[in-house]
Amino acid sequence: MSVSRRLVCYLAGPYRAKGGRTVDDHIAAARQAAITVWEAGHVALCPHCNTSHFERDCAVPDEHYLTGDLLLLARCDCIVLLPHWEESDGARAEYDLARSLGMVVYPYPDLPPTHHQPGKGGEHVALKRQTNGLAPKYRMELRCDGDAPQGGPSDCEQSLAVL
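Residue numbers restart at each chain and count upward from 1, following the sequence in its written direction. Note on the predicted model: pLDDT of at least 70 is required for a residue's local features to be given, and 80 or more for side-chain atom pairs to be given and counted; whole-chain, interface and lining totals, by contrast, use all residues. Side-chain metrics rest on all non-hydrogen atoms present in the structure, leaving aside hydrogens and water.

Considerations on the overall build of the chain
Moving on, step 1. Along its length, the chain carries 5 helices and 6 strands.
Moving on, step 2. Comment: elements are numbered from the N terminus, with helices defined as DSSP H or I runs of at least four residues and strands as E runs of at least two. Along the chain, from the amino end to the carboxyl end, the secondary structure elements read β-α-β-α-α-α-β-α-β-β-β.
Moving on, step 3. In short, Shrake-Rupley with a 1.4 Å probe defines the accessible areas, and a residue's cover is counted only from the protein chains shown. As presented, the chain carries roughly 9400 Å² of accessible surface, and 51% of it is formed by carbon and sulfur atoms.

Pasting the structure below:
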């Protein structure tokens, strides 16, 4: 498979214990979804695995790696929403950012076809968003040379502020 046909898919879903599911349950579910994405011929970016148990193992505040997750998301081609994503403030913020960047949204287990090209052929999924006022607010600025970036946000200088 050619590299140009492989999409970088960001996996968004709950991490913290909630609804009778533990952190380990969420990590395991996200890991299994990442395996499915890789086996489908794409590249999975799974923040659950990248920062697994940082809440106990890492000496930096949550917001450092949560902001880092948003920066990683901005470099991806699409977002894959894991089950129960809407219960997570962080996953809702990731969804909002993905939509604001024009990314195609795939509700898991739906995945992009291997012939999909960024910005072509996918459909944006209309999902109900329930806000409880707790989701973090953020501002992302993209500065690009020329009128429009050729390859998306990764060709731009970016800054992200969590408000």
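Next comes the rest of the account.
Section: the environment of histidine 26
Moving on, step 1. Among the structural elements, histidine 26 can be located in helix H1 (residues 23-39).
Moving on, step 2. Using a 1.4 Å probe on the protein chains alone, a residue whose accessible area is under 20% of its type maximum counts as buried, one over 50% counts as exposed, and one in between counts as partly exposed. Histidine 26 gets classed as buried once you look at its relative accessible area, which sits at 6%.
Moving on, step 3. The spacing of histidine 26 and arginine 16 is 10 residues in sequence and 7.5 Å in space, taken between C-alpha atoms.

So, the pattern of salt bridges
Moving on, step 1. When a carboxyl oxygen of Asp or Glu lies within 4 Å of a side-chain nitrogen of Lys or Arg, that pair is called a salt bridge. Enumeration over the complete set of coordinates arrives at 4 salt bridges.
Moving on, step 2. Note that glutamate 87 and arginine 21 form a salt bridge whose closest N and O atoms lie 2.5 Å from each other. Of this pair, glutamate 87 sits in the loop between strand S3 (78-81) and helix H5 (89-100) while arginine 21 sits in the loop between strand S1 (8-12) and H1, and the two are 66 residues apart along the sequence.
Moving on, step 3. Exposure remark for glutamate 87: the relative accessible area of 28% places this residue in the partly exposed category.
Moving on, step 4. With its nearest N and O atoms 3.0 Å apart, the salt bridge here joins arginine 56 to aspartate 57. When sorted by exposure, arginine 56 lands in the same class as aspartate 57, which is exposed.

Observations regarding unusual backbone geometry
Moving on, step 1. In this model, tyrosine 108 is joined to proline 109 through a cis peptide bond whose omega is 20 degrees.
Moving on, step 2. Of note, proline 109 is situated in the loop between strand S4 (104-107) and strand S5 (138-143).
Moving on, step 3. Unlike most non-glycine residues, histidine 53 shows phi in positive territory, near 60 degrees.
Moving on, step 4. Structurally, the position occupied by histidine 53 is in the loop between helix H2 (47-50) and helix H3 (54-57).
Moving on, step 5. The residue histidine 84 is not glycine, and still its phi comes out positive at about 70 degrees.
Moving on, step 6. Tracing the backbone through its elements, the reader meets histidine 84 in the loop between S3 and H5.

Focus: the confidence of the model for the chain
Moving on, step 1. In predicted models, pLDDT denotes the confidence assigned by the predictor to each residue on a 0 to 100 scale. Averaged over every residue, the pLDDT of the chain is 77; the share at 70 or more is 67%.
Moving on, step 2. A contact between two residues is defined here by any heavy atoms of the two lying within 4.5 Å. In this model, residues 116-158 is a region of pLDDT below 50 whose contacts with residues beyond four sequence positions or in other chains number 81 contacts.

Some thoughts on the pairing of S1
Moving on, step 1. Counting buried positions along S1 yields 4 of 5 residues, so the element is predominantly enclosed.
Moving on, step 2. Only when DSSP finds a minimum of two bridges between them are two strands counted as paired. Both S1 and strand S2 (residues 43-45) contribute to a ladder of 3 bridges, which runs parallel. Counted as the bridge partner of cysteine 9 is alanine 44 from S2.
Moving on, step 3. Crossover handedness for the path S1 to H1 to S2: right-handed. The crossover handedness rule: strands pointing away from the viewer, path from first strand over the helix to second strand clockwise, crossover right-handed.

Re H5
Moving on, step 1. In this scheme, a helix's expected span is set at 1.5 Å multiplied by one less than its residue total. Compared with the 16 Å implied by 1.5 Å per residue over 12 residues, the 17 Å span of H5 between its first and last C-alpha is a close match.
Moving on, step 2. Of all the residues in H5, the buried ones are Ala91, Arg92, Ala93, Glu94, Tyr95, Leu97 and Ala98.
Moving on, step 3. In protein, a polar contact requires one atom able to donate a hydrogen and another able to accept it; more generally it is a pair of N or O atoms within 3.5 Å, and residues adjacent in sequence count only if both atoms are side-chain atoms. Between the side-chain oxygen of the N-cap and the backbone nitrogen of glycine 90 there are 3.3 Å, and the N-cap of H5 in question is serine 88.
Moving on, step 4. Of the residues one or two after H5, glycine 102 is the one with positive phi, at around 80 degrees.

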